[in-house]
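Next come the chains, spelled out residue by residue.
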Amino acid sequence: MPQSNPEQDKRKALYAVDPLVPLDQLDPATDLIDPDTLSLLVLMVCEVPEESLALFRKRLVPPSQLRQQVAAREVELQRHMLDITRKLESMGYEVDSRVARGSKTGQVITEVADREAVNLVILQRRRQKNWQRLLVGSVADYVARHIRQPLLIMPYA
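Parameters and conventions
Residues numbered from 1 in each chain as written. Predicted model: local features only at pLDDT ≥ 70, side-chain atom pairs only at ≥ 80, totals over all residues. Heavy atoms only, no water. Helix = DSSP H or I, 4+ residues; strand = E, 2+ residues; numbered from the N terminus. Polar contact = N/O pair within 3.5 Å; in protein donor to acceptor, adjacent residues only side chain to side chain. Axes fitted to C-alpha atoms, helices over the stretch in contact; angles between N-to-C directions. Parallel < 35°, antiparallel > 145°, perpendicular 65-115°, else oblique. Left-handed = near helix turned anticlockwise from the far one by under 90°. Contact = heavy atoms within 4.5 Å. Nonpolar A, V, L, I, M, F, W, Y, C, P; charged D, E, K, R; others polar. Core = buried A, V, L, I, M, F, W, Y, C linked by side-chain atoms within 4.5 Å. Buried < 20%, exposed > 50% of the residue type's maximum accessible area, 1.4 Å probe, protein only.

## With respect to the side chain of Gln 149
Position of Gln 149 relative to the elements: it lies in the loop between helix 6 (139-146) and strand 5 (151-154). A polar side-chain atom of Gln 149 sits 3.2 Å from the main-chain carbonyl oxygen of Ala 113.

Okay, structure coming up:
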């Protein structure tokens, strides 16, 4: 009988992290899922700020300036991702990380989940009021409607 390799038995979960969540409030379902059975693909989406897009559409911001803003934001998120990776590794998880660009966070999450063939998607819901969710939309709601993998939505800590 072939021996079981623990590394091959690990499931892979996409953990979509909101850049605004403080490090002490990261929760990849540690109460539910043992780090020995799950590796994490941590994803943070670098969105173009809506205000910048609006100014770009009105031709008040040149394309080069918009690209610089997005590149600067991406560098900032990469630095923050290092802290997140260290924190999750200290919790016992095997971690791979990505910062992806996109204009719609939910769409980027579903595309990465499909491309990376993850077994589970973990999201943390933000503290949005109903009117904010109505105006801005909810990433968790979008992902729940469009994802093919099982989805675990963690409450905001």
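## Side note on the packing of helix 4 (residues 105-116) against helix 6
Remark: helix 4 packs on helix 6, axes separated minimally by 8 Å, with the N-to-C direction vectors making an angle of 40°. It follows from the interaxial angle that helix 4 and helix 6 lie oblique. Judged by the twist between their axes, the crossing of helix 4 over helix 6 is right-handed. Contacts between helix 4 and helix 6 involve Thr 105, Gly 106, Gln 107, Ile 109 and Thr 110 from the former and Val 139, Tyr 142, Val 143 and His 146 from the latter. Taken together, the residues of the contact of helix 4 with helix 6 sort by class into four nonpolar, five polar and no charged.

## As for unusual backbone geometry
Backbone geometry at Ala 117 places phi at a positive 50°, although glycine is not the residue there. Tracing the sequence through the fold places Ala 117 in the loop between helix 4 and strand 4 (120-124).

## Regarding the nonpolar core
Proteins that are soluble and globular tend to have nonpolar side chains buried together. With 23 residues, the main nonpolar core has Tyr 15, Leu 40, Val 42, Ile 84, Leu 88 and Ile 122 as its most contacted residues. Only strand 1 (11-16), strand 2 (38-46), helix 3 (63-90), strand 3 (94-101) and strand 4 provide two or more residues apiece to this core. Once you skip the residues sitting within four places of it in the chain, Leu 88 turns out to touch Tyr 15, Leu 26, Pro 28, Leu 40, Val 42, Tyr 93 and Val 95. Val 45, Val 121, Leu 123 and Val 143 belong to the second-largest nonpolar core, a separate cluster that totals 16 residues.

Purely spatial values, then, with no claim about function.
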